[in-house]
Amino acid sequence: MRKAGLSIIIPTCDRPALVWRAVKAAQAGLPPGGEIVVVDDGVQHPLRPPPGMTAPDSLRIVRSAGRTGASAARNLGAAAARGDILLFLDDDDEVLPDYPAQVLQIAAQQPRAQWGYSAMEVVTYDAAGQPGAPEYYCRWREGPVRPGGVLRKKVAGLNQGFWVRAAVFRAIGGLETTLRTDEDTDLCCRLLAKGHEGWRTVQAGVRTHRGWVQEGQARQLTAGDLDERVNNYLTVFRRNAPSVPDLSPSYWFLATRFLRVAAKRPGQAVPAEFFSQVRNPLVHTALRVFWSVKKRANQPQRIKGH
């Protein structure tokens, strides 16, 4: 069977109203020969089009075992995809009409680019569920994302119009399924560590919705509590810190992002497991100081006179 040029992969978990909005947007921008792969990771009724909507011929629904998590769901979609290029889309976001074609154009014109991401339009909802006007979000210039340098300026979320060549994604082992959050940072780190150059564009590729979920809808696949975030950030550090020099901004980035989150946990003692992995004595001392400062900043303030 001839491969489609582009596969848009949308994982979802018991949020039918949202995912069909995402499907509709994906269909509007789908290039000829492309496909939409929805991974139904829910445990309620099997996903079906709502009344009055006919599923497009380009759509395939793949059902998981249920609540496997965003990483496993995306991996399942990638395994089922026929396209040479995988474009990931969250079920509560919308891909903008021109972006899928632009991804194929970048992939054709920039053969060194193995993955990439885009600017976004961000719609924020108020407490009453009313959306604000879309706001443009971009913190970079158009161009390549090359291995080396500072990781902090090169990692991106999977909700940022993230695309990757299918062969590269599979060769690198896909997403780490033990990570229910921060799997995108881990993926970017591994792509760069393997020498895979990326490409980022200043054109908004997706419209992302923040701050409101319809009543009765399940939470995001990537949602997690603070303890889970701490554990995931530690895992990302443990998996990726060995690939960067100890005395580098990238090592400091991976280490301090974990410490910032860990310091928010009430009563959290010094994370011995983390510090046991920091071999360089200068870095170890600096990170101990950083931890003390962040932990002190997160302590409840005492009121004078009490």
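The structure displayed is predicted, hence computed values, not measured ones.

1. Structural notes on the pairing of strand 4 (residues 85-88)
Burial of strand 4 is two-sided: the residues Ile85 and Leu87 facing one way and the residues Leu86 and Phe88 facing the other way are all buried. As paired elements, strand 1 (residues 6-12) and strand 4 share 4 bridges and run parallel to each other. Paired with Ser7 across the strands is Leu86, a residue of strand 4. Relative to strand 9 (residues 163-165), strand 4 runs antiparallel, the two being bridged by 3 bridges. Within strand 9, the residue paired with Leu87 across the bridge is Trp163.

2. Concerning the side chain of Asp93
Its place among the elements puts Asp93 in strand 5 (residues 93-95). Despite being buried, Asp93 has no salt bridge partner; Arg21 is the closest side chain of opposite charge, sitting 5.8 Å away. A polar atom in the side chain of Asp93 sits 3.2 Å from the backbone nitrogen of His209. Beyond its immediate stretch of four places on either side in the chain, Asp93 contacts Arg21, Ala22, Asn159, Arg207, Thr208 and His209.

3. A few points about the nonpolar core
Leu86, Trp115, Phe162, Leu254, Phe274 and Leu287 are the most contacted members of the largest nonpolar core, which totals 50 residues. Those elements giving two or more residues to this core turn out to be strand 4, strand 6 (113-124), helix 4 (166-171), helix 5 (183-193), helix 6 (226-240), helix 7 (249-262), helix 8 (272-275) and helix 9 (281-297). Among the elements that line this core, the one with the most residues is helix 7, at 8 residues. Among all residues touching Phe274, those that are not within four sequence positions of it are Leu234, Phe237, Ala255, Phe258, Leu259 and Leu287. In this structure, Leu6, Ala22, Ile36 and Leu47 belong to the second largest nonpolar core, which totals 27 residues.

4. Observations regarding the pattern of salt bridges
Where side chains of opposite charge bring their charged atoms close, a pairing between them can arise. The tally for this structure, following the rule as stated, stands at 19 salt bridges. A salt bridge links Glu183 to Arg74; the nearest nitrogen and oxygen atoms lie 3.0 Å apart. Taken as a pair, Glu183 in helix 5 and Arg74 in helix 2 (residues 70-80) lie far apart in primary sequence, 109 residues in all. Exposure class is identical for Glu183 and Arg74. Each is buried. Residues Glu94 and Arg207 are paired through a salt bridge, measuring 3.9 Å at the closest nitrogen-oxygen approach. With Glu94 in strand 5 and Arg207 in strand 10 (residues 197-210), this residue pair connects regions lying 113 residues apart in the sequence. Residue class for Glu94 comes out buried when judged on its relative accessible area of 15%. Owing to a relative accessible area of 23%, Arg207 belongs among the partly exposed residues under this scheme. One connected set of salt bridges, linked through shared partners, spans Glu176, Asp186, Arg190 and Arg239.

5. Some points on the packing of aromatic side chains
Per the stated rule, a full pass over the model turns up 10 aromatic pairs. With centroids separated by 5.7 Å and ring planes inclined at 80°, the aromatic side chains of Trp252 and Phe290 adopt a geometry described as edge-to-face. Of the two residues, Trp252 sits in helix 7 while Phe290 sits in helix 9, which places them 38 residues apart along the sequence. Pairwise contacts between aromatic rings join Trp115, Tyr117, Tyr137, Trp140 and Phe162 into one cluster. Note that Arg257 overlies the ring of Tyr233, its terminal NZ or CZ placed 4.1 Å from the centroid. Directly above the ring of Phe275 sits Arg288, whose terminal nitrogen or CZ lies 4.4 Å from the centroid.

Cut-offs applied
- Residues numbered from 1 in each chain as written.
- Predicted model: local features only at pLDDT ≥ 70, side-chain atom pairs only at ≥ 80, totals over all residues.
- Heavy atoms only, no water.
- Buried < 20%, exposed > 50% of the residue type's maximum accessible area, 1.4 Å probe, protein only.
- Helix = DSSP H or I, 4+ residues; strand = E, 2+ residues; numbered from the N terminus.
- Pairing = 2+ DSSP bridges.
- Lys, Arg positive; Asp, Glu negative; His and termini not counted.
- Salt bridge = Lys/Arg side-chain N within 4 Å of Asp/Glu carboxyl O.
- Polar contact = N/O pair within 3.5 Å; in protein donor to acceptor, adjacent residues only side chain to side chain.
- Contact = heavy atoms within 4.5 Å.
- Core = buried A, V, L, I, M, F, W, Y, C linked by side-chain atoms within 4.5 Å.
- Phe/Tyr/Trp six-rings, centres within 6.5 Å; stacked < 30°, edge-to-face > 60°.
- Lys NZ or Arg CZ within 6 Å of the ring centre and 35° of its normal.

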